[in-house]
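Observations on the three-dimensional arrangement
In case you want the letters, here they are:
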Amino acid sequence: MSAAALRTDKLSKSYGRLRALVDLDLSVTPGEVFGFLGPNGAGKSTTIRLLLGLARPTGGRAWIFDTDAGDVASAHRLLAHVPADVALWPQLTGAEILELLGRTGPGVDSAYRNELIDRFALDPGRPARTYSTGNRQKVALIAAFATRAPLLILDEPTSGLDPLMEREFRRAVGEARERGQTVFLSSHQLSEVEAVCDRVAILRTGQLVDVATVAGLRRLHRTEVEVGYTGTAPDLGAVPGVQGLETVGPGRLRFALTGPPAPALRALAAADVSTLAVREPTLEEIFLAYYGEATR
């Protein structure tokens, strides 16, 4: 197979005047867990539709290994896909659907599939019409992770899963990596991507604004802190990780915190703090702060 498990060259898609994707250039290495990160509406699902041959590009091309993504039959022999909104055959049971998907794909590890059914706590004997959103998602995830396909394309894969099942999902991604499979994971959750990925592409308003390692991605993390105090203000001016320190009212400070919180906590402990409010900014807010200038 080629040096790239997934590759795009100036891949673009327009819907009338709307430019949903603009000149996307990506290259994903075989065996890599690659995150595709961006707020809702960034163009992630459009990209996946083009990779799967479900839409035709306005410009550019995409390849799954050495196969043009436009050759849908050949490309789909090399991949398994979990959509953001899973729809199943309502009259079939979970077990029947898993068997059907296993027979139509590039092969399946039946023993591993049975293990995943237990780990994801799925009742395979129930008809799909009785499944919740989370259980429908489990069926799709089990089918994808049990396949022998060299590429897994996962679009918002943990939608509807509870925290325990999200932990199993992350474990299964790690096992796929160990087997040499490539995982292309689209998400708007920074923490999810950071937990499992080797590299991350960041998309905003249809444009690629950065490709970073997970270590590089950590620079995006920041926490907004607002402090109320009596007496002397906390001495935060030279504290590592404190950014944008400002007075927002009598006895109130606001700042952004990046990196380890211990230095800031020590500085606050030395003052007479009366209130402390901590807020994680949304991914859109983070992107506007870090990448707004790059995408204007």
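Scroll up for the structure.
Residues numbered from 1 in each chain as written. Predicted model: local features only at pLDDT ≥ 70, side-chain atom pairs only at ≥ 80, totals over all residues. Heavy atoms only, no water.

1. Some remarks on the side chain of Thr182
The criterion, for reference: Only DSSP runs of H or I covering at least 4 residues are called helices, and only runs of E covering at least 2 are called strands; the numbering of each starts at the N terminus. A contact between two residues is defined here by any heavy atoms of the two lying within 4.5 Å.
Within the fold, Thr182 resides in strand S8 (residues 182-187). Leaving out residues up to four positions away in the same chain, Thr182 has contacts with Ala5, Val28, Thr29, Pro30, Gly31, Glu32, Pro150, Leu151 and Leu152.

2. Notes on the sheet that holds strand S7 (residues 151-155)
For clarity, the threshold we go by: A strand pair is defined by DSSP finding two or more bridges across the two strands. Helix axes are fitted to C-alpha atoms over the stretch in contact, other axes to C-alpha atoms as well, and angles between N-to-C directions run from 0 to 180 degrees.
Taken together, the 6 strands give an open sheet; going across it, the order is S6-S7-S8-S3-S9-S10, and neighbouring strands pair in mixed fashion. Here the strands that pair on one side only, and so sit at the sheet edges, are strand S6 (79-82) and strand S10 (207-213). The mean inter-strand angle of the sheet, taken between neighbouring strand axes irrespective of direction, is 15°. In this structure, S6 lies alongside S7, joined through 4 bridges in parallel fashion. Of the residues in S7, the one forming a bridge with His81 is Ile153. Against the sheet, helix H1 (residues 44-51) touches strand S3 (33-37), S6, S7, S8 and strand S9 (199-204), its axis set at about 145° to S8. Contacts from helix H5 (residues 133-146) reach S6 and S7 within the one sheet, and its direction differs from that of S6 by about 165°.

3. Let's talk about the layout of surface pockets
Counted only if it meets this: Cavities and pockets were defined on a 1 Å grid built over protein atoms only: a cavity is a set of grid points that admits a 1.4 Å probe from which the probe cannot escape, a pocket is an open set flanked by protein on both sides within 12 Å along at least five of seven lines, and lining residues are those with an atom within 4 Å of any such point. Grid points are joined across faces, edges and corners, and a volume is the space filled by probe spheres set on the points.
Estimates place the volume of the largest pocket at around 650 Å³. Along the walls of the largest pocket sit 29 residues, with Leu79, Ala80, His81, Pro83 and Leu101 positioned nearest its centre. At the level of elements, H1, S6, helix H3 (94-104) and H5 are the ones that each hand at least two residues to the lining of the largest pocket. In terms of residues, the lining of the largest pocket owes the most to one element, H3, which gives 4 residues.

4. Focus on the side chain of Lys138
Quick note on the threshold: The classification of residues rests on relative accessible area computed with a 1.4 Å probe and restricted to protein chains. Under 20% of the type maximum is buried, over 50% is exposed, and intermediate values are partly exposed. When charges are counted, neither His nor the chain ends are considered; positive counts come from Lys and Arg and negative counts from Asp and Glu. The salt bridge definition used is simple: a Lys or Arg side-chain nitrogen within 4 Å of an Asp or Glu carboxyl oxygen.
Inspection of the secondary structure assignment puts Lys138 in helix H5. Among buried Asp, Glu, Lys and Arg side chains, Lys138 stands out as unpaired, with Asp162 the closest opposite charge at 5.6 Å. With residues near it in sequence (within four places) discarded, Lys138 still touches Phe120, Ala121, Leu122, Leu161 and Met165.

5. Considerations on H3
Stated precisely, the cut-off is as follows: Arc, as used here, means the arc of the directions from the helix axis to the C-beta atoms.
The set of residues buried in H3 consists of Gly94, Ile97, Leu98 and Gly102. The arc that holds every buried residue of H3, seen down its axis, measures 135°, which confines them to one face. Relative to its buried face, H3 has exposed residues pointing more than 90 degrees away, namely Arg103 and Thr104. Those residues of H3 that are buried are in contact with helix H4 (110-119) and H5.

By themselves, these are just geometric observations and shouldn't be taken as functional.
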